[in-house]
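# Examining the three-dimensional arrangement
Read off the chains here:
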Amino acid sequence: IGDTVIVRRAGDVIPEVVKPVIEKRTGREQPIAMPTACPECGSALVRPAQEAITRCPNPNCPAQRIRGLIHFTGKGGMDIEGLGRKAVEQLVSLGLIQDIPDIYRLKKESLAALDGWGDKSAENAIRAIEASRTPTLAKFLAALGIRHVGEVTAQLLARHFASLARLDAAGEADFLHIEGIGEQVAASLVDYFQDPAVQEMLARLAALGVQVQEEQPEAGAGGALAGSVFLFTGTLAHLSRHEAKARIKELGAQVASGISRKVTHV
């Protein structure tokens, strides 16, 4: 605290602290004391080997659950219009939702009666929820918030396994067989799908009418951008990244998560 440091852009856009500027120290600087317990649930925090981030390991931590719900309903997930961050936080605080399956139990009447809502906004939210009951496999996987599985990895998995059932039954060796998936991602997938709580959640979603669609050949497979690989960075002038990615996929291109020899456009 109070230190002067050198910062540089690392990787895509994330700032990285390179080193302190020793000659600018005055002696008033204070060492940063990392917390040892999660401020939300009290669990002992962990820092996995070779990782920079200290984490709460409790999957039932209230803070983790609410962030998972926000991700699930957001643009990087199921993109459920009307269920943004503030709406999700409100619904959780009122006890209307506690986990992902609860989203599909929401009723228009319950939403319309809440502060800041009305018949129209409640109707729109329920319509968006209903529309999300038949997601593509790639979209569903990205929405679940599986550690190390983002949009690009979700697409790789969906193209390889085609159905949720086949992916659910896969083992580490099956994941490692996919180009672009390494040991870290494979282990994360195995841990996730072997978790009894995850299996219970998937069963509840199926019982509530959520039907993950089998992956079909991409509509733009023979499109004008077929064979191209795009990497998006920075801010676009007229589109969000989400919209831009959707458009280039429609034209047959692929989206990369990082720079590599396969990238044709940045």
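A short tour of the structure in this document, coming up. (Residues numbered from 1 in each chain as written. Predicted model: local features only at pLDDT ≥ 70, side-chain atom pairs only at ≥ 80, totals over all residues. Heavy atoms only, no water.)

Turning next to the packing of aromatic side chains. All chains considered together, the criterion is met by 3 aromatic pairs. The interplanar angle of 70 degrees and the centroid separation of 5.6 Å between the aromatic rings of Phe161 and Phe175 together place this pair among those described as edge-to-face. Highlighted residues: Phe161 in helix 7 (residues 151–161) and Phe175 in helix 9 (residues 172–176), separated in sequence by 14 residues. Classification of Phe161 by relative accessible area gives buried; the value is 8%. Judged by relative accessible area, Phe175 falls into the buried class, the value being 1%. Ring plane angle 20 degrees and centroid distance 6.2 Å describe the contact between Phe230 and Phe232, whose orientation is recorded as stacked. Taken individually, Phe230 and Phe232 each receive the classification buried, so the pair is uniform in this respect. (Phe/Tyr/Trp six-rings, centres within 6.5 Å; stacked < 30°, edge-to-face > 60°. Helix = DSSP H or I, 4+ residues; strand = E, 2+ residues; numbered from the N terminus. Buried < 20%, exposed > 50% of the residue type's maximum accessible area, 1.4 Å probe, protein only.)

Let us look at helix 1 (residues 62–73). In a regular helix each residue adds 1.5 Å, so 12 residues correspond to 16 Å; helix 1 covers 17 Å between its end C-alpha atoms and thus fits that length. Along helix 1, the residues that are buried comprise Leu69, Ile70, Phe72 and Thr73. Down the axis of helix 1, the smallest arc covering the buried residues is 160 degrees, so these residues share one side. Check the buried side of helix 1 and you find it contacts helix 2 (85–93), helix 3 (100–103) and helix 6 (137–144). (Expected span 1.5 Å × (residues − 1). Arc of directions from axis to C-beta. Contact = heavy atoms within 4.5 Å.)

Two elements in contact, helix 1 and helix 2, have axes separated by 9 Å at closest approach and are oriented at 135 degrees. With respect to helix 2, the element helix 1 is oriented oblique. Crossing handedness for the pair helix 1 and helix 2: right-handed. Counting all contacts with helix 1, which are made through Ile66, Arg67, Leu69, Ile70 and Thr73, the residues of helix 2 involved are Arg85, Val88, Glu89 and Val92. (Axes fitted to C-alpha atoms, helices over the stretch in contact; angles between N-to-C directions. Parallel < 35°, antiparallel > 145°, perpendicular 65-115°, else oblique. Left-handed = near helix turned anticlockwise from the far one by under 90°.)

What follows is about the nonpolar core. If you look at the biggest cluster of nonpolar residues, it comprises 56 residues, and the most contacted ones within it are Tyr104, Leu157 and Phe175. In terms of residue count, helix 6 provides more of this core than any other element does, 7 residues in total. Each residue touching Phe175, except ones within four places of it in the same chain, is listed here: Leu157, Phe161, Leu167, Ala170, Ile181, Ala186, Leu189 and Val190. In this structure, Val152, Phe230, Phe232 and Ala253 belong to the second largest nonpolar core, which totals 7 residues. (Core = buried A, V, L, I, M, F, W, Y, C linked by side-chain atoms within 4.5 Å.)

Moving on: a nonpolar patch on the surface. Together, Ile1, Ile32 and Met34 make up a nonpolar patch on the protein surface, roughly 370 Å² of accessible area in all. Tracing the sequence through the fold places Ile1 in the segment before strand 1 (5–10). By relative accessible area, Ile1 is classed as exposed at 63%. (Patch = residues over 30% accessible without salt bridge, like charges linked within 9 Å, V, L, I, M, F, W, Y side chains within 5 Å. Areas by Shrake-Rupley, 256 points an atom, 1.4 Å probe, with all protein chains shown as cover. Salt bridge = Lys/Arg side-chain N within 4 Å of Asp/Glu carboxyl O.)

Moving on to the environment of Leu141. Among the secondary structure elements, Leu141 is positioned in helix 6. As for Leu141 and Glu151, which are separated by 10 residues in sequence, their C-alpha atoms are 8.2 Å apart. Apart from residues lying up to four places away in sequence, Leu141 is in contact with Ile146, Ala154, Leu157, Ala158, Leu167 and Phe193.

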